[in-house]
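Commentary on secondary and tertiary structure
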Amino acid sequence: MSPVRFEFNGHGVWAIYKFEVARALRTLVQSLVTPVITTSLYFVVFGAAIGSRMTAVSGVSYGAFIVPGLIMLALFTESLANASFGIFFPKFTGTIYEVLSAPISYIEIVIAYVGAAASKSVALGIVILLTASLFVPLRIVHPLLMAAFLVLTAVNFSLFGFVLGLWAKGWEQLQLIPTLVVTPLTFLGGAFYSIDMLPPAWRAFSLFNPVVYLISGFRWCFYGKADVNIYLSFGMTAGCFVACLAVIGWIFKTGYRLKN
Amino acid sequence: MPSIISIQNVSKSYASGVRALEPIDLEIRKGEIFALLGPNGAGKTTLINIVCGIVTASSGRVIADGHDIVRDYRAARTRIGLVPQELTTDSFETVWATVSFSRGLFGRAPNPDYVTGLLRDLSLSAKRDSSIMDLSGGMKRRVMIAKALSHEPDILFLDEPTAGVDVELRRDMWNLVRGLRERGVTIILTTHYIEEAEEMADRVGVINKGSLVLVEEKAALMRKFGKKHLTLHLQSPLTRVPAELAAWRLELKDQGLSLECTFDGGSDVGIPLLLHEVSELSIPIKDLETHQSSLEDIFVSLVSERVPSVRS
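These lines cover the structure that appears in this document, whether it is placed above or below. Sequence positions are assigned chain by chain, starting from 1 and proceeding in written order. Chains carry letters and ligands carry numbers; both start at the beginning, A for chains and 1 for ligands, and go up in the order they are written. Under the rules for a predicted model, residues below a pLDDT of 70 receive no local features and side-chain atom pairs below 80 are neither given nor counted, while totals for whole chains, interfaces and linings still include all residues.

1. What about the overall build of chain A?
By the criteria applied, helices consist of DSSP H or I runs no shorter than four residues and strands consist of E runs no shorter than two, each listed in order from the N terminus. Within chain A, the secondary structure is distributed over ten helices and zero strands. Here the C-alpha coordinates of chain A stretch approximately 65 × 40 × 35 Å along the principal axes. To assign burial, the other C-beta atoms lying within 10 Å of each residue's own C-beta are counted, with C-beta atoms placed from the backbone; 20 or more indicates buried, 12 or fewer indicates exposed, and intermediate counts indicate partly exposed. A buried classification covers 43% of the 260 residues belonging to chain A. Note on contacts: each residue gets a C-beta atom placed from the backbone, and two residues are in contact if those atoms are within 7 Å. Taking as baseline every contact in chain A between residues at least 6 positions apart, the subset at least 24 positions apart corresponds to 80%.

2. Examining the sheet that holds strand S11 (residues 227–234) of chain B
All names here are of chain B. Pairing between strands is defined by DSSP: at least two bridges between them are needed. Strands sit in the order S12-S13-S11-S14 across an open sheet of four strands; the sheet is antiparallel. At either margin of the open sheet sits one strand with a lone partner, and together these are strand S12 (251–253) and strand S14 (285–292). Between one strand and the next, the sheet's axes are offset by a mean angle of 25°, whatever the strand orientation. Here three bridges tie S12 to strand S13 (residues 258–264), and the two strands are oriented antiparallel to one another. Its bridge partner being in S13, Lys 253 is matched across the sheet by Ser 258. The strands touched by helix H9 (residues 270–280) are S11, S13 and S14; relative to S11, the strand with the most contacts, the crossing angle is about 20°. Axes, fitted as lines to C-alpha atoms, cover a helix only where it is in contact. Angles between the N-to-C directions of the axes lie from 0 to 180 degrees.

3. Observations concerning the interface of chain A and chain B
The parts lose accessible area when they come together, and the size of an interface is often stated as this lost area. Contact with chain A, which involves 23 residues of that partner, is made by 25 residues of chain B. Among the elements of the structure, helix H1 (10–26) and helix H4 (96–100) of chain A are those that each provide at least two residues to the side of chain A that touches chain B. Element by element, the count of residues in the side of chain A that touches chain B is highest for H1 of chain A, at seven residues. Looking at the side of chain A that touches chain B residue by residue, the classes come out as ten nonpolar, nine polar and four charged. Think of it as three bins: nonpolar holds Ala, Val, Leu, Ile, Met, Phe, Trp, Tyr, Cys and Pro, charged holds Asp, Glu, Lys and Arg, and polar takes everything else, Gly as well.

4. Considering the packing of helix H6 (residues 143–167) of chain A against helix H10 (residues 230–254) of chain A
Residues and elements named next belong to chain A. Following both chains from N to C, one finds H6 and H10 inclined at 30°, their axes separated by 9 Å at the closest point. Between H6 and H10, the angle is such that the two are roughly parallel. The crossing of H6 and H10 is left-handed. Two secondary-structure elements touch here, H6 through Leu 152, Thr 153, Val 155, Asn 156, Leu 159, Phe 160, Phe 162, Val 163 and Leu 166 and H10 through Thr 237, Cys 240, Phe 241, Cys 244, Leu 245, Val 247, Ile 248 and Ile 251. Looking at side-chain class alone, the contact of H6 with H10 contains 14 nonpolar, three polar and no charged residues. Our angle categories are set so that under 35 degrees counts as roughly parallel, over 145 as roughly antiparallel, 65 to 115 as roughly perpendicular, and the remainder as oblique. Rotating anticlockwise by less than a right angle from the far helix to the near helix defines a left-handed crossing, while the corresponding clockwise rotation defines a right-handed one.

5. Points about the pairing of strand S7 (residues 155–159) of chain B
All names here are of chain B. Burial analysis of S7 places five of its five residues in the buried class, the great majority of the element. In this structure, S7 lies alongside strand S8 (residues 186–191), joined through five bridges in parallel fashion. Note on S8: the bridge partner recorded for Leu 158 is Leu 189. Handedness of the S7-helix H6 (residues 167–182)-S8 crossover: right-handed. With the strands pointing away from the viewer, any crossover whose connection runs clockwise from the first strand over the helix to the second is right-handed.

6. Re the environment of Gln 85 of chain B
Residues and elements named next belong to chain B. Inspection of the secondary structure puts Gln 85 in the loop between strand S6 (80–83) and helix H3 (95–105). The exposure class assigned to Gln 85 is partly exposed, which follows from the 17 C-beta atoms found within 10 Å. Sequence separation between Gln 85 and Asp 287 is 202 residues, and the spatial gap between their C-alpha atoms is 46 Å.

7. Considerations on the nonpolar core
Defined on buried residues, the nonpolar core groups Ala, Val, Leu, Ile, Met, Phe, Trp, Tyr and Cys residues joined through C-beta atoms within 7 Å. Among the nonpolar cores identified, the biggest contains 75 residues, and Leu 70, Met 72, Tyr 113, Val 114 and Phe 162 of chain A are the most heavily contacted of them. At 17 residues, helix H3 (residues 62–93) of chain A tops the list of elements feeding residues into this core. One finds Val 143, Leu 149, Ile 188 and Leu 212 of chain B within the second-largest nonpolar core, a separate group that totals 63 residues.

8. Quick notes on helix H2 (residues 28–50) of chain A
Residue and element names in this part refer to chain A. What a helix should span is 1.5 Å times the count of its residues minus one. End to end, H2 covers 31 Å across 23 residues, agreeing with the expected 33 Å (1.5 Å per residue, within 8%). Note that the bend at a residue is defined as the angle between axes fitted to the seven residues ending at it and the seven residues starting at it. At Thr 34, H2 shows its strongest bend, of approximately 30°, with the proline Pro 35 following within four residues. All buried positions along H2 are accounted for by Ser 31, Pro 35, Thr 39, Tyr 42, Phe 43 and Gly 47. Its buried side turned inward, H2 meets H1, H3 and helix H5 (106–135).

Structure (structure tokens):
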């Protein structure tokens, strides 16, 4: 039996990663400034204008309460956009031929593209966190778990975005899932409210929304209070991770919409 | 000469049922320039894409420099460079960045000296910091070649390398290809310009409707399938071909003022011998014309003879 060889095309992974990060730096306004301005506007509208008239939620001021949800909202949106565009654009322009003909494994391709997209999203999440701290007093009860949750969620949605980018045949399809599925689920997932505030029937219905578990878990890391069991939140996050990996594995194995 | 690429029983059928390649066997020799000719849709690009890992073969196997392109894809692909037919580049990148990217992607450590030399060889030094979108079509074509050579491959696939480029650049490309061959790079090119294959190739393969119709040394091909055509313009008309010349299968044309004869491409003695015999018969000749069929004539003849429907 021949010995098992471990090979890793580190130069290849680094080349893709660097390329993707360089693209974000070239479009810094779109990548960073726009999300920060959007989030700041949310603080102005929901935190200052409306929040000042609202009572505290679960013992947390409304302005501070929405911070985890806003970070998650930006994280979902940017992770999806970065990762889906990262792999869709080479498909669209035809430069994907180079990646497909390179001595690089599918796992390495995923690490490079998803790693770059997740890195950008995490950086954005940190910037939004710092921006939020200018508007409202923040406390983070479980900082390490918060960081882990941030990274894991960024990776999850980047994986999901990567799947979208592989699946999409055109620009419209690329926008379809984020606009029609992810954004509504996020807004209905407790980004701006606790699901405990909902009537019982709607609350029960909300529990079918996976985003509820992610936002609740992330908020728990900040304030130690959650809408749903924290283990369920971590379980849901891990489940999403495994599901995305399985779909990507199948796509690369079959070459679906990637290889003839 | 040892083989560097071995294509064994490779075929391709798409899910739609389209049969793009019939089972093909082909050996590419180390250090040669191999020209793959064929009409549009013949399967040239499909075959190249299979070898490069972009398309999955339905059957068969390919060995590149001793490495199976599926099981040992890393080692195989490291040795192969591809210049695709389309000018697909990242418009916003600089020349330097995109060539360096390709080198990294193919697992090579950064080597600014090598990339600098490569850009110099391709007359791209002055454009190294230019965005690709600012380059002319010819310059973009050079960038594609620089990307393909960035990881120092032993085998280079050029898919229609001079499509849409001007005559001067085409000559430059030919010189570049010859230079690469001298450095030991094996080159497989597809082209619509038969003149290109005639000018550069050591061997020629003709592919048509997914089948490899023939593989031959270019010189042997010219000898085997090429024809020499001789026309003798006479001073006074003949009423019939003299019986002494019957063995030459001459045709009398132009109201008896021309004698025409076709020789095999490999014949070196036919024309002088015929001229000698005509002279012996005291047939006065005013002028003579010869025409040798080009590779293009041979190609057209091969493709149209074997598959008449190709002519549309």
